[in-house]
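Chain residues, written in single-letter form:
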Amino acid sequence: MTATNSAPHRPPRHPLPHRVAPAGPASFGDHLRTWRQQRHLSQLELANEADISTRHVSFMETGRTNPSRDMVLRLCERLAIPLRERNALLVAAGYAPMYRERTLDDPALAAARKAVELVLKGHEPCPAIALDRCWNVVATNRAALALLSAHVSPELLAPPINVFRLSLHPKGLAPRIANLAQWRAHLFERLRQQIQATADLTLIALQAELQEYPALEESPPLVLAGEMLGVVMPFCFDSLHGMLSLISTTTIFGTPVDVTLQELAVESFFPADDFTANALRELAQLPNTGG
């Protein structure tokens, strides 16, 4: 992408490579039991949440009772099950899926796509990245693309570009992350929380892959200048242009009824110090910053 093209860089979308996740539960009862246990609820506690009898919960889990469509949706709501998995429960119970899943390029999502592009473009000269549920890059602005292209092995930039893999792989950003120990722990905690919330088998496979990466030599954790412990974890990155210190925020769509939109997030990075702010402004003036 050249500096004259203002559209976000949008890599092709492919499934996460390397690992094949094991098959999930097949029957509705298996799904329900898995989610109830994932939420650390007893049958009695779920029954109270859903305003039904414990016996009814037990019969649904063992397959002695087939739930109505409304009951499936009520249980999904009480268990805070993501939309993708709600579709799986509906299908397992014999009903059509309720929530559509479309690519961001689908004409029906034109308004959402435009909103993402505006957020990415408007955030320049600071980096911003749109991500799917597996932390694969859906789109970037020029600032993010320029930083990634200059500092990681080209093999890691082949689609799908996964930001966790980029951050922690020895051929990725890891050797240049000054606070790698803290940043690695931060990423693993985010991944753990997401797995706890979604029980996503692809994320579980990603977690296992990341844990197998060879450890880099690290000095003991340091409190770096500008590090706001207890408030936010900065990303301290030894770039070709000097030490950049960045903090990030995550933007998601409110009350989505589409699987793709519920799983889409925009990670926007902000300078944590004056040097980083000046460096990003200077980088934006360089030709071909889009890579």
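Residues numbered from 1 in each chain as written. Predicted model: local features only at pLDDT ≥ 70, side-chain atom pairs only at ≥ 80, totals over all residues. Heavy atoms only, no water.

**Student:** Before we move on, could you go through the pairing of strand 4 (residues 242–252) and cite the residues and values that matter?
**Tutor:** In terms of strand pairing, strand 3 (residues 235–239) meets strand 4 through 5 bridges, oriented antiparallel. Residue pairing for strand 4: Phe-237 is matched across the bridge by Leu-244. (Pairing = 2+ DSSP bridges. Helix = DSSP H or I, 4+ residues; strand = E, 2+ residues; numbered from the N terminus.)

**Student:** Summarise the pattern of salt bridges; cite the residues concerned and give the values.
**Tutor:** Evaluated as defined, the whole model comprises 14 salt bridges. A salt bridge links Asp-258 to Arg-102; its shortest N-O distance comes to 2.8 Å. You can see Asp-258 sitting in the loop between strand 4 and helix 11 (259–263) and its partner Arg-102 sitting in the loop between helix 5 (83–92) and helix 6 (110–122), a full 156 residues away along the chain. For Asp-258, a relative accessible area of 3% puts it in the buried group. For Arg-102, a relative accessible area of 18% gives the class buried. Salt-bridge contacts for Lys-171 lead to Glu-155; the nearest nitrogen and oxygen are separated by 3.6 Å. Taken together, the residues Lys-171 in the loop between helix 8 (163–168) and helix 9 (180–198) and Glu-155 in the loop between helix 7 (142–151) and helix 8 connect sequence positions 16 residues apart. It is possible to trace a salt-bridge network through shared partners that takes in Asp-30, Arg-33, Arg-36 and Glu-61. (Salt bridge = Lys/Arg side-chain N within 4 Å of Asp/Glu carboxyl O. Buried < 20%, exposed > 50% of the residue type's maximum accessible area, 1.4 Å probe, protein only.)

**Student:** Can you explain helix 1 (residues 28–38)? Please cite residues and give values.
**Tutor:** Here helix 1 has its buried residues at Phe-28, Gly-29, His-31, Leu-32, Trp-35, Arg-36 and Gln-38. Next to the buried residues of helix 1 lie helix 2 (43–50), helix 3 (54–62), helix 4 (69–78), helix 5 and helix 9. (Contact = heavy atoms within 4.5 Å.)

**Student:** Just give me the short version of the sheet that holds strand 3, but keep the residues and values in it.
**Tutor:** Across the sheet, 5 strands lie side by side as 2-1-5-4-3; this open sheet has antiparallel pairing. Two strands bound the open sheet, and with one partner strand each, they are strand 2 (137–140) and strand 3. Along the sheet, successive strands turn relative to each other by an average axial angle of 30°, direction set aside. Note that strand 1 (residues 128–131) and strand 5 (residues 265–271) share 4 bridges and pair antiparallel. Following the sheet pairing, Ala-128 is matched in strand 5 by Ser-268. (Axes fitted to C-alpha atoms, helices over the stretch in contact; angles between N-to-C directions.)

**Student:** Which residues make up unusual backbone geometry, and what values go with them?
**Tutor:** Put simply, Glu-124 and Pro-125 share a cis peptide bond, and its omega is 15°. With respect to the helices, strands and loops of the structure, Pro-125 is situated in the loop between helix 6 and strand 1. Here the bond from Pro-159 into Pro-160 is cis, since omega is -5°, no more than 30 degrees from zero. For Asp-51, which is not a glycine, the phi torsion comes out positive at approximately 60°. Among the structural elements, Asp-51 can be located in the loop between helix 2 and helix 3. Non-glycine residue Ala-80 carries a positive phi angle of around 55°. Topologically, Ala-80 is positioned in the loop between helix 4 and helix 5.

**Student:** I'd like to hear about the packing of helix 1 against helix 3, residue by residue, with values.
**Tutor:** Look at helix 1 against helix 3: their axes get within 6 Å of each other, and the N-to-C directions meet at 125°. Considering the angle they form, helix 1 stands oblique to helix 3. Of the residues in helix 3, those in contact with Phe-28, Gly-29, Asp-30, Leu-32, Arg-33 and Arg-36 of helix 1 are Met-60, Glu-61 and Thr-62. For the contact of helix 1 with helix 3, the residue count by class is 3 nonpolar, 2 polar and 4 charged. (Parallel < 35°, antiparallel > 145°, perpendicular 65-115°, else oblique. Nonpolar A, V, L, I, M, F, W, Y, C, P; charged D, E, K, R; others polar.)

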